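# Examining the three-dimensional arrangement
Residue strings, one per chain:
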Amino acid sequence: MENTYFEYGKKEIDYLKLKDKKLAEVVDRIGMVKRSLIPDLFSALIHSIIGQQISTKAHQTIWERMQVLLCDVTSNNILSKTDDELQSIGLSYRKVEYIKNIAQKVQDKALDLDKLQTLSDEEVCTELSNLKGIGKWTAEMIMIFSMQRKNILSYGDLAIVRGMRMLYHHRELKPDKFNKYWRRYSPYASVASLYLWEIAGGKIPEMKDYAPKKK
């Protein structure tokens, strides 16, 4: 299956470079960033729950096992399996509960995934965060990496905050300062996020984290 990546281009890049000189230098050095998506929203929700509190490698392994077990990751197929069958691929009891809860809500039409696409970012975040096993950070990641919402900047993402400290030489980043940057990046904060993750991951070797060292 061909990979799908978060879509952005010259329009978003030019806007961010105009608004922020420091970010502009990073964009010029790094170039375009490719981050894979899971366009199907139901699959993205299940994928997110599987990945909570485990390594990236374990996440990938369990996700592959689930695709083998179900063929298609749909609410029908999940509900057709027993808890034991789902646990046998490496899921905890709690994660099975969360996954089945979401599948049941989709079946009962208590969760309308198509309608979510029509809601504002704030409304989507609220709706998703009301689901068992989905917190605000997970909702924000789904909004970027499934729904391709363009204006998400997550204060709950440690790497985003680290990337901002490194780029702007801050020792700490309180919510008011963070929101100032979000307003600066808006309406393309998700694109800025891609570059902040790259910075936090060491893509610009001379950049360092200015957070005070813990004693």
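Quick note: structure is the one above.
Criteria and cut-off values
Residues numbered from 1 in each chain as written. Predicted model: local features only at pLDDT ≥ 70, side-chain atom pairs only at ≥ 80, totals over all residues. Heavy atoms only, no water. Helix = DSSP H or I, 4+ residues; strand = E, 2+ residues; numbered from the N terminus. Rg over C-alpha atoms; globule rule 2.2 N^0.38 Å. Buried < 20%, exposed > 50% of the residue type's maximum accessible area, 1.4 Å probe, protein only. Contact = heavy atoms within 4.5 Å. Areas by Shrake-Rupley, 256 points an atom, 1.4 Å probe, with all protein chains shown as cover. Lys, Arg positive; Asp, Glu negative; His and termini not counted. Charge placed at Lys NZ, Arg CZ, Asp CG, Glu CD. Phe/Tyr/Trp six-rings, centres within 6.5 Å; stacked < 30°, edge-to-face > 60°. Polar contact = N/O pair within 3.5 Å; in protein donor to acceptor, adjacent residues only side chain to side chain. Salt bridge = Lys/Arg side-chain N within 4 Å of Asp/Glu carboxyl O.

### What about the overall build of the protein?
When you go through the protein residue by residue, the secondary structure sums to 13 helices and zero strands. For 215 residues, the compact-globule estimate of 2.2 N^0.38 gives 17 Å, and the protein sits close to it at 19 Å. Principal axes of the C-alpha set define a box for the protein whose edges measure 55 × 45 × 35 Å. Taking all 215 residues of the protein together, the buried fraction comes to 45%. Considering only contacts in the protein between residues 6 or more positions apart, those separated by 24 or more positions represent 68%. Entry remark: accessible area of the protein is about 12200 Å², with carbon and sulfur atoms responsible for 49%. Between the averaged position of the 35 positive side-chain charges in the protein and that of its 28 negative side-chain charges there is a distance of 9 Å.

### A closer look at the packing of aromatic side chains
Going through the model one piece at a time under the given rule, you end up with seven aromatic pairs. Aromatic side chains Tyr15 and Tyr188 sit 5.4 Å apart centroid to centroid with 85° between the ring planes, which places their arrangement in the edge-to-face category. Remark: Tyr188 occurs in the loop between helix 12 (175-185) and helix 13 (189-200) and Tyr15 occurs in helix 1 (residues 10-19); sequence separation between them is 173 residues. Here Tyr188 falls in the buried class, since its relative accessible area comes to 13%. Here Tyr181 and Tyr185 contribute two aromatic rings whose centre-to-centre distance is 6.4 Å and whose plane-to-plane angle is 25°, an arrangement assigned as stacked.

### Quick look at helix 11 (residues 158-168)
For helix 11, the tally of buried residues reaches eight of 11 residues, placing the bulk of the element in the interior. Taken together, the buried positions of helix 11 are occupied by Ile160, Val161, Gly163, Met164, Arg165, Met166, Leu167 and Tyr168. Between a side-chain oxygen at the N-terminus of helix 11 and the backbone nitrogen of Ala159 the separation is 3.0 Å; the capping residue is Asp157.

### Points about the side chain of Arg165
Structurally, Arg165 can be placed in helix 11. Taking the relative accessible area as the measure of exposure, Arg165 reaches 15% and is therefore buried. Beyond its immediate stretch of four places on either side in the chain, Arg165 contacts His170, Arg171, Glu172, Asp209, Tyr210 and Ala211.

### Some words on the pattern of salt bridges
On inspection of all chains with the given rule, the structure shows 13 salt bridges. Asp83 is paired through a salt bridge with Lys100; the nearest N and O atoms lie 2.9 Å apart. With Asp83 in helix 6 (residues 83-87) and Lys100 in helix 7 (residues 93-107), this residue pair connects regions lying 17 residues apart in the sequence. In this structure Asp83 comes out as partly exposed when scored by relative accessible area, which is 31%. The residue Glu172 makes a salt bridge to Lys174 at a minimum N-O spacing of 3.8 Å. Each of Arg94, Glu97 and Lys132 takes part in one network of salt bridges that share partners.

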